Amino acid sequence: MPVGGGSCRPQRAMTSDDAPHSSKTRLRFVAWVLLGCAVLGGIVGVVWGLIAPRTQLTVREGELFYASVREDAVGGVLSLACLLFACAVATAVFVLARRTQITEVLLVGVAAAGFVGSVLAWRVGLLVANGVDGIGELSAQGRPEGVTFSAPLQMDAPGVLGIWSFVSVFVLAFVVWLRARRSRRRLHAIIDQANAIQSTPSKRLRLASGRTTAGERSQRCVRWSESRGRRAPVQW
C-alpha cells in the first residue's frame with residue numbers, strides 16, 4: 001500500500017502523443033493544409049482560365065502580328081498573380097486562426113502547399129482556357145488575311161508561381177516576430193516591476209535603520225562625554 005493511501009495501479013508514462021502540440025498533430029495539420037491548398041489551387045485555376053484577358057492576334061502578309069497592345073498578355077500573368085496573392089493571405093490567416101505556435105515544420109509545409117496550389121492553378125487554368133490540346137504552336141497557315149483571333153492563354157513568368165509560398169510564409173514569420181517582440185516587452189515590464197517591488201522594502205529598511213530616538217542620542221552623548229573625562233548635560 002503506498003504512503004498516503006494512493007492507488008497501487010502503475011501510472012502510464014506520458015508519451016509524445018499526449019502533448020497538445022505533438023509532432024503527429026502537426027504533421028496531420030500540415031497534411032490538411034496541403035490538401036486545402038490543392039483544392040483551392042484547382043478552383044483558382046478555373047477562375048483564372050475564365051477571367052484572364054487574351055491577346056488578340058491578326059494575320060498580315062502570312063505572318064502573325066499583335067492586333068492589340070502587348071499589355072493584354074501581361075494582364076493574364078497579373079490576374080494569376082493577384083489570385084495567388086489572395087490565396088496566400090487566406091492561407092496565412094487560416095493557419096494563424098488554427099495554430100498559435102508556428103514552427104519550422106509548419107512553415108515548410110505551408111510553403112510546399114502554396115507551391116502545389118500554384119502549379120495546380122497554372123495547369124488547370126491553361127486547361128480550362130485552351131482546352132485539352134493545350135497551347136500548341138501558333139501559325140498563320142490556314143488563316144485568311146486580316147483575320148483577328150484570340151491567342152491561347154500563356155504564362156510567360158514562372159516566378160509568379162512562388163507568390164503563394166513566399167507571401168504566406170512571410171506573413172506567418174512577420175506575425176511570429178511581432179508576437180516575440182510583444183512577449184519580450186511584457187517580460188521586461190514584469191522584471192522591472194519585480195525589481196521595483198524588491199527595492200522598496202530595502203529602502204524602507206535603510207530609512208528605518210538611519211532613524212534614532214532622543215534617548216539613543218542622549219546615551220551616545222553620555223558615552224562620548226565619559227570618554228572625554230567630563231560629563232556633559234543630557235538634552236532630552
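Residue positions within a chain follow its written sequence, with the count starting from 1. Local features in a predicted model are, by the rule used here, given only for residues with pLDDT of at least 70; side-chain atom pairs are given and counted only at 80 or more, and totals for whole chains, interfaces and linings are based on all residues. With hydrogens and water set aside, each side-chain value is computed from the structure's full complement of heavy atoms.

Caption draft 1: Seen up close, the overall build of the chain. Numbering of helices and strands runs from the N terminus; a helix is a DSSP stretch of H or I covering at least four residues, while a strand is a stretch of E covering at least two. Regarding its fold elements, the chain presents 5 helices and 3 strands. Its helices and strands taken in sequence order, the chain reads α-β-β-α-α-β-α-α from the N to the C terminus. Partly exposed residues are those whose accessible area sits between 20% and 50% of the maximum for their type, while under 20% is buried and over 50% is exposed, using a 1.4 Å probe and protein chains only. Relative to its full complement of 236 residues, the chain shows a buried share of 27%. Residue contacts are counted whenever heavy atoms from the two residues lie within 4.5 Å of one another. By sequence separation, contacts in the chain at least 24 residues apart represent 76% of the contacts at least 6 residues apart.

Caption draft 2: Local environment of the nonpolar core. By nonpolar core is meant a set of buried Ala, Val, Leu, Ile, Met, Phe, Trp, Tyr and Cys residues that side-chain atoms within 4.5 Å join together. If you look at the biggest cluster of nonpolar residues, it comprises 31 residues, and the most contacted ones within it are V33, W48, L80, V95, L106, V160 and L172. Breaking this core down by element, the ones donating at least two residues are α1 (23–51), α2 (71–98), α3 (104–130) and α4 (163–210).

Caption draft 3: Layout of a nonpolar patch on the surface. A patch consists of residues exposed above 30% relative accessible area that lack any salt bridge, with like charges linked at up to 9 Å and nonpolar side chains (Val, Leu, Ile, Met, Phe, Trp, Tyr) linked at up to 5 Å. Per-residue accessibility takes into account occlusion by the displayed protein chains alone, with areas from the Shrake-Rupley method and a 1.4 Å probe. What makes a salt bridge here is a side-chain nitrogen of Lys or Arg within 4 Å of a carboxyl oxygen of Asp or Glu, nothing more. Taken together, the side chains of W32, L35, V39, I43, V46, V47, L50, I51 and V128 present a nonpolar region at the surface, about 860 Å² in accessible area. Looking at the nonpolar patch, the element that brings in the most residues is α1, giving 8 residues. Secondary-structure assignment places V39 in helix α1.

Caption draft 4: Up close: the environment of G117. Relative to the elements of secondary structure, G117 occurs in helix α3. Overall, G117 belongs to the buried group, its relative accessible area being 0%. Residues G117 and G45, 72 residues apart in the sequence, show an inter-C-alpha distance of 9.2 Å. When residues no more than four places from it in sequence are discounted, the contact partners of G117 are C37, G41 and W164.

Caption draft 5: Representation of the environment of S23. Turning to its location among the elements, S23 is positioned in helix α1. C-alpha separation for the pair S23 and V105, spaced 82 residues apart in sequence, amounts to 9.2 Å.

Caption draft 6: Representation of the packing of aromatic side chains within the structure. Side-chain rings of Phe, Tyr and Trp (the six-membered ring for Trp) are treated as a pair once their centres are within 6.5 Å; stacked means planes under 30 degrees apart, edge-to-face means over 60, and tilted covers the remaining angles. Across all of its chains, the model carries 4 aromatic pairs by this definition. Measuring from ring centre to ring centre gives 6.1 Å for F29 and F94, while their planes differ by 10°; the resulting arrangement is stacked. Taken as a pair, F29 in helix α1 and F94 in helix α2 lie far apart in primary sequence, 65 residues in all. Judged by relative accessible area, F29 falls into the buried class, the value being 8%. Owing to a relative accessible area of 39%, F94 belongs among the partly exposed residues under this scheme. In textbook terms, an aromatic cluster arises when at least three aromatic residues are bridged by ring pairs, as seen for F166, F170, F174 and W177. Of note, R99 hangs over the ring of F29, and the distance from its end group to the ring centre comes to 4.5 Å. The criterion is that NZ of a Lys, or CZ of an Arg, lies within 6 Å of the ring centre and within 35 degrees of the ring normal, and then a charge sits over that ring.

Caption draft 7: Quick look at the side chain of T91. Within the secondary structure, T91 sits in helix α2. Ignoring any residue separated from it by four or fewer positions in sequence, one finds T91 in contact with V33, C37, V110 and W164.

Caption draft 8: Here's a closer look at the packing of α1 against α3. Interaxial angle, 0 to 180 degrees, is taken between N-to-C directions of lines fitted to C-alpha atoms, where a helix line uses only the stretch in contact. Their axes nearest at 7 Å, the elements α1 and α3 cross at an angle of 25°. As summarised for this structure, α1 and α3 are arranged roughly parallel, according to the angle between their axes. Relative to α3, the crossing made by α1 is right-handed. Every angle not falling under 35 degrees, over 145, or within 65 to 115 is termed oblique; those three ranges are roughly parallel, roughly antiparallel and roughly perpendicular. In this scheme, a crossing is called left-handed if the near helix is turned counterclockwise away from the far one by less than a right angle; it is called right-handed if the turn is clockwise.

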